[in-house]
Amino acid sequence: MASPPPQTTLLIGGSNGTSTLCAILGDKSNPANANHVLRVATRSGHKYLDDNQAAPRVWRCTEKKHISDVVAADFLPTRLITHVGAPDSVFVYGGDQQDNNDDDAAAASLNPLERAISGVHAPDNGGSADIIILACPVSAHFALLRRIAKAMYILDRKGLLGRSPARPPIYIGSLYAAGGFDWMSRIAFLKERPVDFDGAWKRSLGLFGLKAFPYLTKSLKAGEVTLHGRFPQLQVAVSPSNAGSRSRVKMLLDRVLQNNETGKKLEFLGLSSNEMLGGDGTCEEELQVMKEKDYTTASSAVAAANAYGGAKSAMIIAAQTHKQIKNAKEGGVSASAAAAATAPPIIMAANSGHSSTKNLLPPKPALDTLLTQSLADRADPLSSLAFLTCTLNSTNQILHPCILVALFRDEANPERNEQDGTISWNPTKELTPLPRFYADGAAKIEAGKLITAIAGGEMYFVIDALERLLSPRGYDPIAALHGGEPVGRKIMNVLGNSPHDLGSRSGLTNLALKTEFAKLYGSESVKEATAGSASDEEDTIGNRAGLINREKLLAWCMSTGLSRNSRLNAVLSPCIVDESSRQEDGTIQIKPNTQTRFFTDDTQHGLCIVLGLAELLGFDLERDMPQALYVVRRLQKWMKKEFVLPKEKVTAGSKIVSDAKDVSETSAPQAFGVKTVQELKRFLQLDVFSETHELNAEGVLKNSGLMARL
C-alpha cells in the first residue's frame, strides 16, 4: 500500500479532544499516521510536555468500541482498544505574545504560535500547517482566533505562509463550531487586521467547523485519557463554499478523524449539502466520483493531486457530473448511468500509467467547466447558513443550562438559593461526593420540561422564521438538522413537531415575515400583499400551551434518557463546597461553579444567541421565549452578570437583549452590533478572514484609464 500524502496538523488548546488526538494520531505504529506531523500549541506546557518539560508527553487513550455509536450502552457488546502516541512537537505560547513587527529574513523573532503555524524553527519537518484545529471550549474561540489572526497577518507580511498560488489554502477550524464560530472569525480578523494589509492573503485561507464534537472523552490525569464513544454523525461547515474547499477539507479531516479506519463519513452542511440535510445535492454529486481509494492508492501523480491539483480536479469532476445528471433528469439515461458514463479525470490518471499530472485534466478543458459553481454555492459563498446550522442545532447549549437550573434548586431555602444556587448535599446518604450532573440533575422533572419547552418549541420558532428569511426558497439547511440528535429528530418529525410545524402553529414565522416586509416596504404594503388571505387572529399568535404535541411524554423521555445514559452517569456537577457548613451527619452546602464551561460556554454562547435572534426577528420575548428567558435570568444572577434585562428592569420600549449591560460578553447578534434582519444579512456577507475584495475592485476601478479621463 502506498503511503498517505504528507499532512501537518496543528491542534490549539488543551482540551480532552487534544489529548485524545495526541494518542491516536501520534501513534507511529499505525500506518495511517505515516507522513502525518502532529503539533500542539498550548498556553501551558505542563499537560503536553513530559515531567522534565523537555519532550512531548506520551498519551495513552483507552477507547470503548461500542457495537453502535447511535445507541451506545455498556450492557451492549463493548471492547477496549488502546492507542499510545505523542505529538511531534509542542509549542507553549504563554499568557502574552510578543509583538513581532520587524521584517527580518531569518524570522528569528517569531513567537511560539507563529512557529507552530509556519513551521519555521520547528523541531519537526512538517513545514507550514495544512490544517489548524481549535480543540477548546466555545468560550475560548474568540481569544484563540484573535491570536491566530495576529500570527497569520505577521506571517503573511513576512511571506512565511507561502506565496505560490498553487499551494492549497490553510484551513482553520473547530471541532465544535457552536456559538457563532464564523461570526467570531469575522470579528477576530477584523480586530487584528493591520493598517498595511492590502486586503488579500498571499496564501488563501479557509474556515471549517464540525456541528458536533466528535468524541465523548475525559482525562483525569496527564498522559491518560478515556474515549467513551464517538459521535455517530460527522457534519461540517466549510468556507468558501466550493468543490475545491470540500475536497481539501474532506481529505484533511478524514485523516484527523480516522474516517477510513472507523468507516464514518464526513457530510457537508449548507445549501450544497445532500437533500436529506436541506441542500440541493451538489455535495452528493461530487462524492459519487470522489472516492477516497482513488486518491490514496494510486500512483504518485494521483497522490500529488491530493494537494491543490486534487481540489482543482474536484471542481472539474463536480461540474461534469452535475451536467451529466442534469441531462439525465431532463430525459435520457439514468442518473447513475450518467455519473458512470465518463471516468472522472482522477481515475483516468490512475489507470493511465503516466506520471504527469496533466492527465488529471480533460484533454480540452473549457473555462466554464473549470470555474463552474452550483447555484447553491453562489447563493451562500461563505457557507454562513452552514455555520448557522452548527450554532442553532447545538445540544449542549440547551441541555446544560436547563439541568443546572433544575439541579441547583432548594425549595427549603429559596432566598439564598435564588442568589447563588446553594443547595444541601449529603455525600454519605447519596453515595457520591457531589451530585451527578446527568444522573441526578437530568432526573429532575423540571429538567425534562425545560429542555423540551426550549429545544422543541422556542428554539424551533427561531429556526423556522430565520430559515424563511435567510435561505433561498425551497432550501432548509438549518431546520433539516433540528434537535441535534438523529433519533430525536425523527421522533419530533413523526409527532408533527418539526420547526416548520411549530413555526406555523404558533404564527410566529408569519409574524416575522410580516414584520420584515413592513420594515422594507411599509405597513400598508403588508395589507396589500396579504389581501384576500386568511388573517391571523391576534390571540392565536405566539407561544402558548399545547403547541408541542405529546409534550409531557417528550419531557419524560428526555429526562429518563439523559439520567440513565451509562456513558454520562459518572459526570459530576461543577460545584464549590462550603466546608465550614459541614454538619455532623455529613451534610454540606454546595453551589454551582460559575467559572466552568457549563456556564461560560452554554449561557453566553448558547441561549443568549437564541434570545438575541428572537428579538431581532421581532418576537415578544416574555410571551414567546419565556423558558429560555427564565433560565438565562436565573443563571446570570448566579454569575453576577446581566446578559438579558432582569424582569424588574423591563419597561415599555426596552429591548431585553440589546439593552442588557453585559450583552457584549455574549455571542448574541446584538454583541456584534447586529439588531435587524437586514443588518444580519449584511454581516454574513463579510469575509470571514477580513479580505476586502470589493474595496480592492474599487481601487482598480479608480486607477483605471476610464476614471482618469473623467
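Residues numbered from 1 in each chain as written. Predicted model: local features only at pLDDT ≥ 70, side-chain atom pairs only at ≥ 80, totals over all residues. Heavy atoms only, no water.

## Topic: the sheet that holds strand S3 (residues 59-66)
With respect to topology, 4 strands assemble into an open sheet ordered S4-S3-S10-S9, the strand pairing being mixed. Looking at which strands have only one partner, the edges of the open sheet turn out to be strand S4 (78-85) and strand S9 (215-221). Direction aside, neighbouring strands of the sheet carry axes that sit 20° apart on average. Along the sheet, helix H1 (residues 16-25) makes contact with S3, S4, S9 and strand S10 (224-230), crossing S9 at roughly 90°. (Pairing = 2+ DSSP bridges. Helix = DSSP H or I, 4+ residues; strand = E, 2+ residues; numbered from the N terminus. Axes fitted to C-alpha atoms, helices over the stretch in contact; angles between N-to-C directions. Contact = heavy atoms within 4.5 Å.)

## Quick notes on the packing of helix H20 (residues 445-470) against helix H30 (residues 677-684)
The interhelical angle for the contact between H20 and H30, taken along N-to-C directions, is 65°, at an axis separation of 11 Å. Relative to H30, the element H20 lies roughly perpendicular. In the crossing of H20 with H30, the sense of the turn from one axis to the other is right-handed. Listed contacts from H30 to Leu 466, Leu 469 and Leu 470 of H20 are Val 677, Leu 680, Lys 681 and Leu 684. Residues belonging to the contact of H20 with H30 are distributed by class as follows: 6 nonpolar, no polar and 1 charged. (Parallel < 35°, antiparallel > 145°, perpendicular 65-115°, else oblique. Left-handed = near helix turned anticlockwise from the far one by under 90°. Nonpolar A, V, L, I, M, F, W, Y, C, P; charged D, E, K, R; others polar.)

## Observations concerning a nonpolar patch on the surface
Among the surface-exposed residues, Leu 701, Leu 706, Met 707 and Leu 710 lie close enough to one another that they form a single nonpolar patch of about 440 Å² accessible area. If you trace the backbone, Met 707 turns up in helix H32 (residues 705-709). (Patch = residues over 30% accessible without salt bridge, like charges linked within 9 Å, V, L, I, M, F, W, Y side chains within 5 Å. Areas by Shrake-Rupley, 256 points an atom, 1.4 Å probe, with all protein chains shown as cover. Salt bridge = Lys/Arg side-chain N within 4 Å of Asp/Glu carboxyl O.)

## Side note on the nonpolar core
Ranked by internal contacts, the top residues of the largest apolar core, which has 127 residues, are Ile 132, Met 152, Leu 617 and Phe 619. With 13 residues, H20 is the largest single contributor of residues to this core. When neighbours within four sequence positions are excluded, Met 152 is seen to be in contact with Ile 117, Ile 132, Leu 161, Ile 170, Ile 172, Phe 189, Trp 201 and Leu 205. Among the nonpolar cores identified, the runner-up in size contains 35 residues, and Ala 23, Tyr 48, Leu 49 and Phe 208 belong to it. (Core = buried A, V, L, I, M, F, W, Y, C linked by side-chain atoms within 4.5 Å. Buried < 20%, exposed > 50% of the residue type's maximum accessible area, 1.4 Å probe, protein only.)

## Quick look at the pattern of salt bridges
Taken as a whole and assessed by the stated rule, the structure comprises 23 salt bridges. With its nearest N and O atoms 3.8 Å apart, the salt bridge here joins Glu 224 to Lys 221. Residue classification places Lys 221 among the exposed positions, given a relative accessible area of 51%. Between Asp 440 and Arg 436 there is a salt bridge, with its nearest N and O atoms 3.2 Å apart. Assessed through its relative accessible area of 18%, Asp 440 is described here as buried.

## Focus on the pairing of S9
In the sheet, S9 pairs with S10 via 5 bridges, with the strands oriented antiparallel. Bridging across to S10, Lys 218 finds its partner in Thr 226. With antiparallel pairing between neighbouring strands as the criterion, S9 and S10 make up a hairpin whose turn holds 2 residues, including Gly 223 at a positive phi of roughly 95°.

## Things to note about unusual backbone geometry
Pro 240 follows Ser 239 through a cis peptide bond whose omega is 5°. Locating Pro 240 in the fold gives a position in the loop between strand S11 (234-239) and helix H5 (243-256). At His 121, a position not held by glycine, the phi torsion is positive, near 60°. Along the chain, His 121 turns up in the loop between helix H2 (112-118) and strand S6 (131-134). A relative accessible area of 52% means that His 121 is categorised as exposed.

## Observations concerning the environment of Leu 629
Within the secondary structure layout, Leu 629 lies in helix H29 (residues 626-639). Put simply, Leu 629 and Pro 646 are 17 residues apart on the chain and 9.3 Å apart in space, counted from C-alpha to C-alpha. Not counting residues up to four positions away in its chain, the partners in contact with Leu 629 are Leu 611, Leu 621, Glu 622, Val 644 and Ile 656.

## Some points on the side chain of Asn 417
Residue position: Asn 417 is located in helix H17 (residues 414-420). By relative accessible area, which is 2% here, Asn 417 ends up buried. Excluding residues that lie within four positions of it along the chain, Asn 417 makes contacts with Phe 408, Arg 409, Asp 410, Thr 422, Ile 423, Arg 634 and Trp 638.

## Concerning the packing of aromatic side chains
In the structure shown here, the tally under the stated rule is 15 aromatic pairs. With a centroid separation of 6.4 Å and an interplanar angle of 80°, the aromatic rings of Phe 408 and Trp 638 are classed as edge-to-face. Of this pair, Phe 408 sits in the loop between helix H16 (396-407) and H17 while Trp 638 is found in helix H29, placing the two residues 230 residues apart along the sequence. Owing to a relative accessible area of 0%, Phe 408 belongs among the buried residues under this scheme. Ring-pair connections join several aromatic residues into one group, and the members of that group are Tyr 153, Phe 189, Phe 197, Trp 201 and Phe 689. For the cation-ring pair, Arg 186 lies above Phe 683, with the distance from its terminal atom to the ring centre recorded as 5.6 Å. (Phe/Tyr/Trp six-rings, centres within 6.5 Å; stacked < 30°, edge-to-face > 60°. Lys NZ or Arg CZ within 6 Å of the ring centre and 35° of its normal.)

## As for helix H22 (residues 499-506)
Each α-helix winds once per 3.6 residues, and so residues spaced three or four apart point in a common direction. Within the span of H22, buried status applies to Pro 499, Leu 502, Gly 503 and Ser 506. Summarising the axial view, the buried residues of H22 lie within an arc of 100°, below the 170-degree limit, and thus occupy one face. At its buried positions, H22 is contacted by H20 and helix H23 (508-521). (Arc of directions from axis to C-beta.)

## Thoughts on the environment of Thr 692
Residue placement: Thr 692 occurs in the loop between H30 and helix H31 (693-702). Here the alpha-carbon distance between Thr 692 and Phe 197, two residues 495 residues apart in the chain, equals 9.8 Å. Residue contacts for Thr 692: discarding those within four places in its chain leaves Arg 193 and Gly 199.

## Looking at the confidence of the model for the protein
With 83% of its residues at a pLDDT of 70 or more, the protein has an overall mean of 85. Here residues 96-103 is a poorly scored stretch, pLDDT under 50, and it has 20 contacts once near neighbours within four places are set aside; other chains count. Here residues 292-319 scores under 50 on pLDDT; set against residues more than four positions off or in separate chains, the count is 66 contacts. (pLDDT = per-residue confidence, 0-100.)

## Considering the sheet that holds strand S14 (residues 575-578)
Pairing within the open sheet is antiparallel, and its 3 strands lie in the order S13-S15-S14. Looking at the sheet topology across the chains shown, the edges are occupied by strand S13 (423-425) and S14. Strand after strand, the sheet turns through a mean of 40° between neighbouring axes, direction not considered. The pairing of S14 with strand S15 (residues 588-592) spans 4 bridges and is antiparallel. Note on S15: the bridge partner recorded for Asp 578 is Gln 589.

## What to know about the side chain of Asp 130
Along the chain, the position of Asp 130 falls in the loop between H2 and S6. Only 2.7 Å separates the side chain of Asp 130 from the backbone nitrogen of Thr 8, close enough to count as a polar contact. A distance of 3.4 Å separates polar atoms of two side chains, one belonging to Asp 130 and the other to Arg 248. Setting aside residues no more than four positions away along its own chain, Asp 130 makes contact with Pro 6, Gln 7, Thr 8, Pro 169, Ile 170, Tyr 171, Arg 203, Arg 248 and Leu 252. (Polar contact = N/O pair within 3.5 Å; in protein donor to acceptor, adjacent residues only side chain to side chain.)

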